[in-house]
Structure formats: structure tokens, C-alpha cells
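Residues per chain are reported as follows:
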Amino acid sequence: MKKQRPKARAARPPVPKEYPPKKRRKRRRRTRRGPSILLRFLCLVLICAAILAAVTVFFKVKEITVVGDTRYSAQELIDASQITIGENLFFINKFAAQERILADRPYLDEVTIRRRLPDGIEIQVTECQPVAALQVGQTYWLMDTKGKLLEEVTAEQAAQYCVVTGMEPEEEKPGIYATFSDEEKGKALFSILNTAQNSDILKEIMSIDMQQLFEIKLQYMGRFTVELGTVENLEKKIEFLNTIVAKLSSTDTGVIDLTDTQTARFRPA
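Residues numbered from 1 in each chain as written. Predicted model: local features only at pLDDT ≥ 70, side-chain atom pairs only at ≥ 80, totals over all residues. Heavy atoms only, no water.

Could you give an account of the layout of surface pockets, naming the residues involved and the relevant values?
Quantified by volume, the largest pocket comes out at close to 210 Å³. Along the wall of the largest pocket there are 14 residues; nearest its centre are Val131, Gln160, Cys162, Leu202 and Lys203. Breaking the lining of the largest pocket down by element, the ones donating at least two residues are helix H5 (183–198) and strand E8 (205–209). Tallied by class, the residues present in the lining of the largest pocket amount to ten nonpolar, two polar and two charged. (1 Å grid on protein atoms, 1.4 Å probe; cavity = no way out; pocket = protein on both sides within 12 Å on 5 of 7 lines; lining within 4 Å. Points joined across faces, edges and corners; volume = space filled by probe spheres on them. Helix = DSSP H or I, 4+ residues; strand = E, 2+ residues; numbered from the N terminus. Nonpolar A, V, L, I, M, F, W, Y, C, P; charged D, E, K, R; others polar.)

Go over the nonpolar core, please, and point to the residues and values.
One finds Leu189, Ile208 and Met210 to be the most contacted residues of the largest nonpolar core, which totals 38 residues. Leaving out residues up to four positions away in the same chain, Leu189 has contacts with Met143, Val164, Met167, Ile208 and Met210. In terms of nonpolar packing, the next biggest core, distinct from the first, is built from 26 residues, Ile83, Tyr107, Leu108 and Leu150 among them. (Core = buried A, V, L, I, M, F, W, Y, C linked by side-chain atoms within 4.5 Å. Buried < 20%, exposed > 50% of the residue type's maximum accessible area, 1.4 Å probe, protein only. Contact = heavy atoms within 4.5 Å.)

Give me the lowdown on empty space enclosed by the protein, citing residues and values where you can.
Evaluated as defined, the whole model comprises one cavity of 30 Å³ or more. Counted as a void, the largest cavity has a volume near 70 Å³. Every residue along the wall of the largest cavity is listed here: Ile192, Ala196, Ile201, Ile205, Leu218, Val226, Leu228, Leu234, Lys237, Ile238, Leu241 and Leu258. The set of elements that each furnish at least two residues to the lining of the largest cavity consists of H5, strand E10 (224–229) and helix H6 (234–247). Here the residues of the lining of the largest cavity sort into eleven nonpolar, no polar and one charged.

Any chance you could break down the sheet that holds strand E7 (residues 162–165) for me, citing the residues and the numbers?
Spatial strand order, E6-E5-E4-E7-E8-E9-E10-E11-E12: nine strands in an open sheet with mixed pairing. Of all the strands in the sheet, the pair left with one neighbour each is strand E6 (149–153) and strand E12 (265–268). Between one strand and the next, the sheet's axes are offset by a mean angle of 20°, whatever the strand orientation. For strand E9 (residues 216–220) and E10, the ladder comprises five bridges, and the chain directions are antiparallel. (Pairing = 2+ DSSP bridges. Axes fitted to C-alpha atoms, helices over the stretch in contact; angles between N-to-C directions.)

I'd like a rundown of the side chain of Lys148, residues and numbers included.
Along the chain, Lys148 turns up in the loop between strand E5 (139–143) and E6. Here Lys148 is buried and forms no salt bridge, its nearest opposite-charge partner Asp109 lying at an N-O distance of 5.5 Å. Within the structure, Lys148 has its side chain in polar contact with the backbone oxygen of Pro106 (distance 2.9 Å). Look past the residues within four positions of Lys148 in its chain and what remains in contact with it is Pro106, Leu108, Cys128, Leu142, Met143, Gly175, Ile176 and Tyr177. (Lys, Arg positive; Asp, Glu negative; His and termini not counted. Salt bridge = Lys/Arg side-chain N within 4 Å of Asp/Glu carboxyl O. Polar contact = N/O pair within 3.5 Å; in protein donor to acceptor, adjacent residues only side chain to side chain.)

So what's going on with a nonpolar patch on the surface? Which residues, and what values?
A contiguous nonpolar surface patch, about 390 Å² in accessible area, is contributed by Leu38, Phe41, Leu42 and Val45. Tracing the backbone through its elements, the reader meets Phe41 in helix H1 (residues 21–57). When its relative accessible area of 52% is taken as the criterion, Phe41 is described as exposed. (Patch = residues over 30% accessible without salt bridge, like charges linked within 9 Å, V, L, I, M, F, W, Y side chains within 5 Å. Areas by Shrake-Rupley, 256 points an atom, 1.4 Å probe, with all protein chains shown as cover.)

Provide a residue-level description of the side chain of Thr70, including the pertinent values.
For Thr70, the location among the structural elements is in the loop between strand E1 (63–67) and helix H2 (74–81). Residue class for Thr70 comes out buried when judged on its relative accessible area of 18%. There is a polar contact of 3.1 Å between the side chain of Thr70 and the backbone oxygen of Tyr72. Residues within four places of Thr70 in sequence aside, it is in contact with Leu77, Leu108, Val125, Thr126 and Glu127.

Which residues make up the pattern of salt bridges, and what values do they have?
Pairing of side chains with opposite charge becomes possible as their charged atoms draw close. Scanning all chains against the criterion turns up nine salt bridges. Note that Arg105 and Glu76 form a salt bridge whose closest N and O atoms lie 3.3 Å from each other. Here Arg105 is found in the loop between helix H3 (94–102) and strand E2 (108–116), whereas its partner Glu76 is found in helix H2, with 29 residues between them in sequence. Using a relative accessible area of 31% as the deciding quantity, one classes Glu76 as partly exposed. What you see here is one network of salt bridges that share partners, running through Glu227, Asp257 and Arg267.

Put into C-alpha cells, the structure is as follows:
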């Protein structure tokens, strides 16, 4: 008996080609994205324009104040800044204004300009404090602990401060920071000035002889010659100085030898 062949199945009609669901969604997304980006960009432009208009119309300077006591008047500093009432608060170049204030005013140490919303400008100033008089030939320059030259003074005026000898700056001009051809001498001098000020004895130092870097000498309290030697272990040497002076009477005079970093000696005059 012959086996019957299975009947051939009828061919299915072709299914029309369609994009899968995910691809269709992506195509719709791409189609909609163009106008969405453009709309967002226009909104951003409008927001920026509104902010710019608000900044331009509002935030006008109505008050300028000066904080800090200096020898320069508040009005002088305001005029020097060239900031004017009615100027836009955010269009002011603070750093340029600070430089204009500092120019030709050597006694100004720091100048800071701050915006005080909604309509104020505050100029904060600090003044340099002269602590020494640098003798250059027959001239004297007042100087602060940072080495800033403040002004040329007479010998009588210089005598009110610690007179520094044995050093010549490369340039002499009010408002500049003194630099020396012998950099090590400069470092030693500023170390002495700052350490002495921090130890509250700078006002007792009448003079500093920097002629020899390894044989620095101080005139102290009008009664003692202090042989400092170098600035090595300077804080420790100042402790020795205070200890010896505390043990001496108010009439004692002589030489205090601090050249040895381990001990100090006093030689009466």
C-alpha cells in the first residue's frame, strides 16, 4: 500500500513590511526633536535677554563707602577709583579700580573693592606701617616689614625708627618693594624685622648694622650693642636677649653676644 504524500500547504500572502514598534517610536522622536530644540533655544535666548535687561536697568550704584583709616581721605580714594554714582554695579572692573587707587599712594597696603547688593560699592583699605628707616648715603627711606619704600625722610625723622645701614636698594622710589643685589642680606633683614616685630621688641631696636652678613649688629634700648652674628636660630637668640636684659639693672650697659646659638654672654661696658 502506497504512502500518501502530505498535501502541500497553501503559500501565505506576503506580509507588508513594517517598522518594528521600537523603530517607529524612534522615528517619531526624531521627527519631533527638531522643533523642541529650537523652542528651548529661543526660550534660553529670551531668558538671557531678560536677565541682561534687568541687570542693565537695575543694580545701579547709589552709594560708595570707604572702610579703613588711612592718611588719604575717603573722597580722594573714591575719586581715584573712577567709580561713579549711576554706574552699573556688575559692569565695574574692580581690579582696574583697585590699581588706580594704589597708584601714587605708597602708604596703602591693600585695597579690596566689594559689591554690596543691591546698589552699593565698598572700598576696603589698609595702611602700611613704617617700622624702619633705610639709610642710603645721606638719604633715609621709611620702610615697612615687607620692604616697601614709603617716603624719603630727614635724619631727624628717621631717628624715630629702627635705622638700617649697610644696604643699598637697586632702586629708590616711593611705593616699590626694595630689592638688593645681595639677596641673602635682604632675606636676613626682613627676617630680623618680622621676627622682632612678632616678639614685640622692634620698637627697642635703634639700629641694625647689615654691613657684614655674618656679623650683624643691633643697637638695643639705647644701652646695649647686640652682636647677633647671623639670623640662624633667630627666635632662640631673641629669647636669650630677653632673658639677659631681664637679669640686668636699668643702668647696665655693654655688649650682649648672641653669636653662639647655644648660649648668650654679656660684657659690661
